[in-house]
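# Summary of structural features
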Amino acid sequence: MELTANRFQESAVIALHDVTLQTALDRGTGNADGRRRTVMSELDLSQALRQQARGARLRGLHDLPELLEQLEANVTARGGHVLWARDAAEANQHVIDICKAKNLKRGVKSKSMVTEEVGLVAALEAAGITMVETDLGEYIVQINESHPSHIVMPVMHMTKEEIRELFMRKLDMPYTEQASDMTAFIRGILREKYLEADFGMSGGNFLIAETGTVVIVTNEGNGRLSTSVPPVHIAMVGIEKVIPTWEDFATLVQLLPRSATGQRMTVYVNMFNGPRKAHEPDGPDEFYLVLVDNGRTDIYASEYTEALACIRCGACLNACPVYQNVGGHTYGWVYPGPIGAILTPLLKGKENAAPLPFASSLCGACKQACPVDIDIPDMLLKLRRDLNPSQDPLWKLGMKAYAFGFSHPLLYAFGGKAASIASTFIGQEAADGSRKMPALPPPLNGWTDNRDFPAFPAHSFREWWKANKGD
Amino acid sequence: MSTTARDAILNKLRAAQRPFENAPPRPRMYIPVANDLEDTSQDALVARFAAEMTNLKGEPQLVTGDDAAREAVISALKAIGTTSILAWDFQHIPVAGLREAIAEAGIDILYPDTTDEYRTQMLATAEAAGASVTGVTAAVAATGTMIVRTGAGRGRIATVLAPVHIAVIEAGQIVARLENWVAAQRANGLSDVLDSANVCFISGPSRTGDIEMELILGVHGPGRVIAIIKQ
């Protein structure tokens, strides 16, 4: 999708005044964050579990090349094929090559962020291959010719009324007030797509190295249908998703839904070990795993490696006061919210997403919500530093003067006294009887233009201490 | 081309490999996520499984003995009013005489098999079935989860295509937590897992919240999951 992250400010201003968007976001984010808090707080060892989950991801990243080789060997041993892709074009070409070789024309797909990232559906269409999104939210996005605005809930930006209007306009759905009727209508359409599909595609939430197992989680069952009915299954997964063992998986697969949607388990957790075995009555005859780099090795080599530990639960989006107000599209690329503010600059170039690291109050809600305890605020700060490598000389001089004043007691005392004397002359009485400073000249007007600055009191703390508590 | 990409990626990763200073160590013993099961007697596990499943809008039914289990399945099928069902091979469904009883009730049994040239017709017929009947490989009390894994006579389609899924579970198949099931797999060298092309955890009926987070059941998979728990 088109990268518009550098227009964050402009998009945000519009988003804040989009009444429909604000309604949809209020209904969505508050709900999701509340549910996460409820099911996480019922775990009395939730903090230890977060560290256990974090350890699983970081050990996976530490041993990434070895685990990828182990994974490949195990997938191959079970009759699957592993294909490697350095970038988006190579990833898409692998799928197109498989389709051309096997004459596959119609695909069904379950939800996957990496296929969004590489622009798979558009690439397939250009090669004459149809691909139908089967996750309800992704299907809505697809017929609306739009993009998902949330990692887990793709149409969090739309109200029920908008979706109804879309279905009536594009699919001739009869009018209904009920979300259940709308869902049943789409079920009927997508049923046919599963049955006539030549191949099914999925992403992958986890890759378990020790057995070569690809895991996907879905609530709707579309992932299970897409990978059970068609004769070919192609999974496209980022290389960072590898975890070492089934014990690691058991922890992660339970923390993921708790963090994402407040469920104790996702309805369908599907684990694939290659194609159908000879004695099995159904399932794909061929199984392909496309492992995608597309910038991940660069992140791995940078000081932001930890960003690769993300399990895409979306908890940081729901918890973020900025995301809650501007929604996902404002972030201008595939990954929105706090984790997107890190991934987009790292994957697409910092200069192409310069406003994103600043689209945060650094309140820390994202880190607190993260099931693998990724230090998102710290990485946002480092990205800000990267984006401003050379600082304003006036600012530098100011900071030096500040440091000098604060490390010399006499000067500090004198400064305090001077400030209170100045306050008695220029301070103003506010409506509530308190005293505040008037609008200050540059560069201090950056503060007083938008906020009050209280007047300095007539006596400093040191003077008060001497008078009241000193011996 | 593919070999080059592989080497390029792996070499780049190896060149950048370094320790994480703040990585938590591998636990000597993993803490189970759902840590609130004190009583792990069979009765308690059955009760917890049923409670969790009810929470998920699944329909657990406790029965004692084969006769009661058979009756429960037949009456559920009659209530649905379907003329055909999808099923696993009945040797994997722990109820004696169930196949005969279903046939006697005038219900056609289809064993979904998409491995031959008739797959298109097979799928069209399978799609029309009003329900499916299967067993399970194991079940997890803490989360109301049924575990199914593929094998001869145990396919995937029978667990997901029909609008109602009836699964027969023996009380002894229920373990306390997911971690207990993983430990059992580890004890046999993960061979069960590796013998199956697909393993699936199923926790309640298919659901979506994509439209304003309003819960809707049965969007793609079964909208009803009935678990007959046989004691």
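An account of the accompanying structure is given in this report. It should be emphasised that the depicted structure is a prediction, and the values quoted were computed from it without experimental measurement. (Residues numbered from 1 in each chain as written. Chains lettered and ligands numbered in written order. Predicted model: local features only at pLDDT ≥ 70, side-chain atom pairs only at ≥ 80, totals over all residues. Heavy atoms only, no water.)

## A short note on the packing of aromatic side chains
- Following the criterion strictly, the structure yields 15 aromatic pairs over all chains and no others.
- One aromatic cluster is present, formed by Phe206, Trp246 and Phe249 of chain A together with Trp181 and Phe201 of chain B through successive ring pairs.
- Positioned over the ring face of Trp447 of chain A is Arg451 of chain A, at 4.6 Å from the centre of the ring. (Phe/Tyr/Trp six-rings, centres within 6.5 Å; stacked < 30°, edge-to-face > 60°. Lys NZ or Arg CZ within 6 Å of the ring centre and 35° of its normal.)

## Focus on the nonpolar core
- Residues Phe249 and Leu289 of chain A together with Trp181 of chain B are the most contacted members of the largest nonpolar core, which totals 110 residues.
- Top element by residues in this core is helix H12 (residues 246-260) of chain A. It accounts for 8 residues.
- Each residue touching Leu289 of chain A, except ones within four places of it in the same chain, is listed here: Leu71, Val75, His81, Val82, Leu83, Leu207, Val214, Ala235 and Val237 of chain A.
- Residues Tyr139, Ile163 and Ala197 of chain A together with Trp88 of chain B belong to the second largest nonpolar core, which totals 81 residues. (Core = buried A, V, L, I, M, F, W, Y, C linked by side-chain atoms within 4.5 Å. Buried < 20%, exposed > 50% of the residue type's maximum accessible area, 1.4 Å probe, protein only. Helix = DSSP H or I, 4+ residues; strand = E, 2+ residues; numbered from the N terminus. Contact = heavy atoms within 4.5 Å.)

## Comments concerning the sheet that holds strand S8 (residues 242-243) of chain A
- Strand order in this open sheet of 8 strands is S8(A)-S5(A)-S6(A)-S9(A)-S9(B)-S6(B)-S5(B)-S8(B), and the pairing throughout is mixed. At either margin of the open sheet sits one strand with a lone partner, and together these are S8 of chain A together with strand S8 (174-175) of chain B.
- Bridging between strand S6 (residues 213-218) of chain A and strand S9 (residues 268-272) of chain A involves 5 bridges; their strand directions are antiparallel. Looking at the pairing, Val215 of chain A lines up with Met271 of chain A of S9 of chain A.
- Each of strand S5 (138-140), strand S6 (145-149), S8 and strand S9 (198-202) of chain B is contacted by helix H6 (residues 178-187) of chain B, which is oriented at about 160 degrees to S9 of chain B, the strand it contacts most. (Pairing = 2+ DSSP bridges. Axes fitted to C-alpha atoms, helices over the stretch in contact; angles between N-to-C directions.)

## Focus on a nonpolar patch on the surface
All names here are of chain A.
- Residues Trp395, Met399, Tyr402, Phe406 and Tyr412 make up a contiguous nonpolar surface patch of roughly 600 Å² in combined accessible area.
- Looking at which element gives the most residues to the nonpolar patch, the answer is helix H19 (residues 393-406), with 4 residues.
- Looking at the element boundaries, Tyr412 is found in helix H20 (residues 409-426). (Patch = residues over 30% accessible without salt bridge, like charges linked within 9 Å, V, L, I, M, F, W, Y side chains within 5 Å. Areas by Shrake-Rupley, 256 points an atom, 1.4 Å probe, with all protein chains shown as cover. Salt bridge = Lys/Arg side-chain N within 4 Å of Asp/Glu carboxyl O.)

## Describing unusual backbone geometry
Residues and elements named next belong to chain B.
- The phi torsion at Lys57 lies on the positive side, around 70 degrees, for a residue other than glycine.
- Along the polypeptide, Lys57 turns up in the loop between helix H2 (42-55) and strand S1 (59-63).
- Backbone geometry places Leu190, a non-glycine residue, at a positive phi of 60 degrees.
- Inspection of the secondary structure assignment puts Leu190 in the loop between H6 and helix H7 (191-195).

## Re the packing of helix H3 (residues 46-62) of chain A against H12 of chain A
Residue and element names in this part refer to chain A.
- As a packed pair, H3 and H12 sit with axes 9 Å apart at the nearest point and diverge in direction by 120 degrees. Comparing the axis directions of H3 and H12 gives the class oblique. For the pair H3 and H12, the sense of crossing is left-handed. Of H12, the residues touching H3 (which contributes Leu49, Arg50, Gln52, Ala53, Ala56, Arg57 and Arg59) are Asp248, Thr251, Leu252 and Leu255.
- Across the contact of H3 with H12, the residue classes break down as 5 nonpolar, 2 polar and 4 charged. (Parallel < 35°, antiparallel > 145°, perpendicular 65-115°, else oblique. Left-handed = near helix turned anticlockwise from the far one by under 90°. Nonpolar A, V, L, I, M, F, W, Y, C, P; charged D, E, K, R; others polar.)

## Some thoughts on the interface of chain B and chain A
- Between chain B and chain A, the contact holds 86 residues from the first and 109 residues from the second.
- When chain B packs against chain A, the two sides together hide about 8600 Å² of surface, and 60% of this comes from carbon and sulfur.
- Our count for the contact surface shared by chain B and chain A stands at 9 salt bridges.
- In this structure, Glu210 of chain A engages Arg186 of chain B in a salt bridge whose closest nitrogen and oxygen atoms are separated by 2.7 Å.
- The interface formed by chain B and chain A includes 49 residue pairs in polar contact (both at pLDDT 80 or more).
- Contributions of two or more residues to the side of chain B that touches chain A are made by helix H1 (2-16), H2, helix H5 (119-127), S6, H6, H7, S9 and strand S10 (207-208) of chain B.
- In terms of residue count, the dominant contributor to the side of chain B that touches chain A is H1 of chain B (11 residues).
- By residue class, the composition of the side of chain B that touches chain A is 44 nonpolar, 24 polar and 18 charged.
- As paired strands, S9 of chain A and S9 of chain B are joined by 5 bridges and run antiparallel to one another. Paired with Tyr268 of chain A across the bridge in S9 of chain B is Ile202 of chain B. (Buried area = accessible area lost by both parts, 1.4 Å probe. Polar contact = N/O pair within 3.5 Å; in protein donor to acceptor, adjacent residues only side chain to side chain.)

Any functional reading would require information beyond the geometric quantities listed.
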